[in-house]
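The chain contents come next:
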Amino acid sequence: MKSAVIVFPGSNCDRDLAVCLRDVTGTAPQMIWHRETELPHDLDLIGIPGGFSYGDYLRSGACAARSPVMQAVVKAAARGVKVLGICNGFQVLTEAGLLPGALMRNAGINFVCRPVKLRVENNQNAFTARYAAGEEVRISVAHHDGNYSADEATLDRLEGEGRVVFRYAEAVNGSARDIAGIINNAGNVLGLMPHPERAAHLGQGADDGRRVFESLLGA
Amino acid sequence: MKRRIFITLKTGVLDPQGKAVHHSLEGLGFAGVNDVRIGKLIELDVAEDVSEAQLGEMCEKLLANTVIENYRIEVA
């Protein structure tokens, strides 16, 4: 599987994601700087990592979403290349219009950084095929702006189309309908706030996130 | 020329920061505050030939996230 990890100024989970991808897929991803205007044409997966791209200035993910490389990511996504946005990566995907809604300040104001219980709501996609539907897993979150917000019609549509892939199984950040991760209509763009790359090896204390990458490898 | 862009949260969008500030105002003993909503003020200094339509486009494409925010452009 050929993958790439996009690196913005302020990304800080890019290395974690790269190590995880290399470990699971056996191939190191290409690291792509935000000023690049083209991506390799044979990619299977593009990872948008966590962190604080552009210092979270204006809004989390807002400046990154308008960076040169994201225009190439939008084009690749339209071709069907899989895109995985984690934490700040999820914020970037919503700001870029690849996923609906917005991620707002946590309802409790605090930065939340701890393992949380999640439910895998949908396993009929390339990112979660190795999980059982309804399975509960523990994966860490680390974010200030993870409070998913969208209008009621959008939320109903996401639920109705089975596009809520991960849901919090405990109170975390005030997210609408406890949404932790959603997928696009075509099924090739997933954004989630929890960090599966931080739970991909027992040496990290947990490996509940590893199957996201194993699912992608098998897809 | 100078323009001021006010970004505010849409009605119905929860504002945790506003709520926290409201709580602090009450903690200081200020009574009678019904609600607090926090927004942003962006000051732009632009060339004379920048049109209002272009300013609107700047807001739509970057300065505001119209999923959750409204914007208003004023002459500074």
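Going by the structure above, here's the rest.
Residues numbered from 1 in each chain as written. Chains lettered and ligands numbered in written order. Predicted model: local features only at pLDDT ≥ 70, side-chain atom pairs only at ≥ 80, totals over all residues. Heavy atoms only, no water.

Trainee: I keep staring at the overall build of chain A and nothing clicks. Help me out?
Mentor: Scanning chain A from N- to C-terminus turns up six helices and eleven strands. A compact globule built from 219 residues should have a C-alpha radius of gyration of about 17 Å, and chain A, at 15 Å, falls within 12% of that. By its C-alpha atoms, chain A is 40 × 35 × 30 Å across when sized along the principal axes. Counting only residues that meet the buried cut, chain A has 56% of its 219 residues in that class. Taken as a whole, chain A presents about 8,600 Å² of accessible surface, with 48% of it coming from carbon and sulfur. Computing the positive centroid from 22 side-chain charges and the negative centroid from 24, chain A places the two 2 Å apart. (Helix = DSSP H or I, 4+ residues; strand = E, 2+ residues; numbered from the N terminus. Rg over C-alpha atoms; globule rule 2.2 N^0.38 Å. Buried < 20%, exposed > 50% of the residue type's maximum accessible area, 1.4 Å probe, protein only. Areas by Shrake-Rupley, 256 points an atom, 1.4 Å probe, with all protein chains shown as cover. Lys, Arg positive; Asp, Glu negative; His and termini not counted. Charge placed at Lys NZ, Arg CZ, Asp CG, Glu CD.)

Trainee: It is not clear to me how the interface of chain A and chain B should be interpreted in this structure. Could you clarify?
Mentor: How big an interface is tends to be stated in terms of accessible area lost as the parts join. Contact with chain A, which involves 14 residues of that partner, is made by 16 residues of chain B. Scanning the region where chain A abuts chain B turns up one salt bridge. Measuring nitrogen to oxygen at the nearest pair gives 3.7 Å for the salt bridge that ties B:E69 to A:R59. Our count for the chain A to chain B interface comes out at five residue pairs in polar contact (both at pLDDT 80 or more). Of the residues in the side of chain A that touches chain B, the class split is six nonpolar, four polar and four charged. (Contact = heavy atoms within 4.5 Å. Salt bridge = Lys/Arg side-chain N within 4 Å of Asp/Glu carboxyl O. Polar contact = N/O pair within 3.5 Å; in protein donor to acceptor, adjacent residues only side chain to side chain. Nonpolar A, V, L, I, M, F, W, Y, C, P; charged D, E, K, R; others polar.)

Trainee: Looking at this structure, how should I read the sheet that holds strand β10 (residues 179–183) of chain A?
Mentor: Paired through backbone hydrogen bonds, the strands of a sheet run either parallel or antiparallel to each other. Residues and elements named next belong to chain A. Strands sit in the order β2-β1-β3-β4-β11-β10-β9-β6-β7 across an open sheet of nine strands; the sheet is mixed. The open sheet has two edge strands with one neighbour each: β2 (30–33) and β7 (136–143). Going across the sheet, the axis of each strand differs from the next one's by a mean of 25°, ignoring polarity. Pairing between strand β1 (residues 3–7) and β2: four bridges, direction parallel. Residue pairing in the sheet places V7 in a bridge with W33 of β2. Packing against the sheet, helix α6 (residues 210–218) makes contact with β3 (45–48), β4 (82–86), β7 and β9 (164–168), and its axis sits at approximately 170° to β4. (Pairing = 2+ DSSP bridges. Axes fitted to C-alpha atoms, helices over the stretch in contact; angles between N-to-C directions.)

Trainee: I'm lost on helix α2 (residues 52–63) of chain B in this one. Help?
Mentor: The α-helix winds at 3.6 residues per turn, so residues separated by three or four positions along the chain end up facing the same way. Residue and element names in this part refer to chain B. Counted at 1.5 Å a residue, the expected span for α2 with its twelve residues is 16 Å, but the 14 Å between its end C-alpha atoms falls short. Residues of α2 that are buried: L55, G56, C59 and L63. On an axial view of α2, the arc spanned by its buried residues comes to 105°, and they lie on one face. Summarising the geometry of α2, the exposed residues directed more than 90 degrees from the buried face are A53 and K61. The secondary structure elements touched by the buried residues of α2 are β1 (2–9), β2 (40–45) and β3 (69–75). (Expected span 1.5 Å × (residues − 1). Arc of directions from axis to C-beta.)

Trainee: Whenever I open this one, the sheet that holds β2(B) confuses me. Can you help?
Mentor: Residues and elements named next belong to chain B. With respect to topology, three strands assemble into an open sheet ordered β2-β1-β3, the strand pairing being antiparallel. Both edges of this open sheet fall to β2 and β3, since each of them pairs with a single strand only. For this sheet the average axis-to-axis angle between neighbouring strands, irrespective of direction, equals 20°. As defined by bridge partners, β1 adjoins β3 across seven bridges and the pair is classed as antiparallel.

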